[in-house]
Amino acid sequence: QKEVEQDPGPLSVPEGAIVSLNCTYSNSAFQYFMWYRQYSRKGPELLMYTYSSGNKEDGRFTAQVDKSSKYISLFIRDSQPSDSATYLCAMGSNSGYALNFGKGTSLLVTP
Amino acid sequence: GAVVSQHPSRVICKSGTSVKIECRSLDFQATTMFWYRQFPKKSLMLMATSNEGSKATYEQGVEKDKFLINHASLTLSTLTVTSAHPEDSSFYICSAGGLALQETQYFGPGTRLLVL
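Rules used throughout
- Residues numbered from 1 in each chain as written.
- Chains lettered and ligands numbered in written order.
- Predicted model: local features only at pLDDT ≥ 70, side-chain atom pairs only at ≥ 80, totals over all residues.
- Heavy atoms only, no water.
- Helix = DSSP H or I, 4+ residues; strand = E, 2+ residues; numbered from the N terminus.
- Rg over C-alpha atoms; globule rule 2.2 N^0.38 Å.
- Salt bridge = Lys/Arg side-chain N within 4 Å of Asp/Glu carboxyl O.
- Buried < 20%, exposed > 50% of the residue type's maximum accessible area, 1.4 Å probe, protein only.
- Contact = heavy atoms within 4.5 Å.
- Core = buried A, V, L, I, M, F, W, Y, C linked by side-chain atoms within 4.5 Å.
- Patch = residues over 30% accessible without salt bridge, like charges linked within 9 Å, V, L, I, M, F, W, Y side chains within 5 Å.
- Areas by Shrake-Rupley, 256 points an atom, 1.4 Å probe, with all protein chains shown as cover.
- Polar contact = N/O pair within 3.5 Å; in protein donor to acceptor, adjacent residues only side chain to side chain.
- Nonpolar A, V, L, I, M, F, W, Y, C, P; charged D, E, K, R; others polar.

Colleague: Explanation requested: the overall build of chain A in the structure shown.
Modeller: Per the secondary structure count, chain A includes zero helices and 11 strands. Overall, chain A shows an N-to-C arrangement of helices and strands of β-β-β-β-β-β-β-β-β-β-β. Its C-alpha atoms give chain A a radius of gyration of 13 Å, within 12% of the compact-globule value 13 Å for 111 residues. Considered along the principal axes of its C-alpha atoms, chain A spans approximately 40 × 30 × 25 Å.

Spelled out as structure tokens, the structure:
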């Protein structure tokens, strides 16, 4: 079993929809969680960073962590065509060590 | 946010030649840098982890003599693909982390390598 599971999609939604992206993990040692957005042929861009269970909001993005269920989510409100990208979840247990990435979910927001 | 640059952004080389890719942290000191490889529509594959001033730690299956990594300063790491072959063609991405960033890593824009 992979440590981080993420549905690769693709996920297609109409503009304005609420998007829910999810990852599950098996390693209870993971302490911090990130969401990255990657456009085609570009490096991943950090979107959200969370350390504790609960919600963290930044503009149209909300990151949610449930450590008891080993489940994290990223919600995108009022989705835009420019949100079309691959979204990678990542998590880690110790500073200075490599993150564990999900495979990424491909999102397409249609006008 | 922290900025990481990579150079070159794209390189085409002949089979058998060596190619050096630079990764720089522009506004922070990167105590640790990571090198990834990514095939089209695939996730990131960690190749190696490098800490400033010490030898890189390579992931299983990654040839350390083929992919030479040097992390000589807190702002620069280099990846050299030696004696490149067409199967080395890929998208190479570095990321950097530092004490000031806590556990976060910031990625460079990537380097697309094509070996003919």
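From this point, the narrative continues.
Colleague: So what exactly am I meant to see when it comes to the pattern of salt bridges here?
Modeller: Opposite charge on two side chains permits pairing when their charged atoms draw close. Evaluated as defined, the whole model comprises five salt bridges over all chains. Glu-45 of chain A serves as the salt-bridge partner of Arg-37 of chain A, at 3.0 Å between the closest nitrogen and oxygen. The partly exposed category is assigned to Glu-45 of chain A, whose relative accessible area is 36%. Notably, a salt bridge pairs Arg-24 of chain B with Glu-22 of chain B, separated by 3.4 Å at the nearest N-O pair. The class of Arg-24 of chain B is partly exposed, set by a relative accessible area of 34%. You can call Glu-22 of chain B partly exposed: its relative accessible area is 24%.

Colleague: I would appreciate a short explanation of the side chain of Thr-50 of chain A in the present structure.
Modeller: Of note, Thr-50 of chain A is situated in strand β5 (residues 45–50). With near-sequence residues (within four places) excluded, Thr-50 of chain A lies in contact with Tyr-32, Phe-33, Lys-56, Ala-63 and Val-65 of chain A.

Colleague: Is there a simple way to explain the nonpolar core in this structure?
Modeller: Within the largest apolar cluster, 42 residues are counted, with the highest numbers of intra-cluster contacts made by Met-34, Tyr-36 and Phe-101 of chain A together with Leu-113 of chain B. No other element matches the five residues that strand β9 (residues 90–97) of chain B contributes to this core. Grouped together as the second largest cluster of nonpolar side chains are 24 residues, Ile-72, Ile-76, Tyr-87 and Val-109 of chain A included.

Colleague: Any chance you could explain a nonpolar patch on the surface here in plain terms?
Modeller: All names here are of chain B. A cluster of nonpolar residues, Ile-12, Leu-114 and Leu-116, forms a patch on the protein surface that exposes about 300 Å² of accessible area. Mapped onto the secondary structure, Leu-116 falls in the segment after β11 (111–115). A relative accessible area of 60% places Leu-116 in the exposed class.

Colleague: Hey, could you run me through the interface of chain A and chain B in this one?
Modeller: One frequent convention defines the size of an interface as the accessible area lost when the parts assemble. Opposite the 20 residues of chain A that make contact, chain B presents 19 residues. Between chain A and chain B we count zero salt bridges in total. Our count for the contact surface shared by chain A and chain B stands at four residue pairs in polar contact (both at pLDDT 80 or more). Listed by contribution, the elements that provide at least two residues to the side of chain A that touches chain B are β4 (32–38) and β5 of chain A. It is β4 of chain A that provides the largest number of residues to the side of chain A that touches chain B, a total of four residues. A class-by-class count of the residues in the side of chain A that touches chain B yields 12 nonpolar, five polar and three charged.

Colleague: Got a minute to help me understand the environment of Lys-55 of chain B in this structure?
Modeller: Examined against the element boundaries, Lys-55 of chain B turns out to sit in the loop between β5 (45–51) and β6 (57–58). In sequence terms Lys-55 of chain B and His-71 of chain B are 16 residues apart; their C-alpha atoms lie 8.1 Å from each other.

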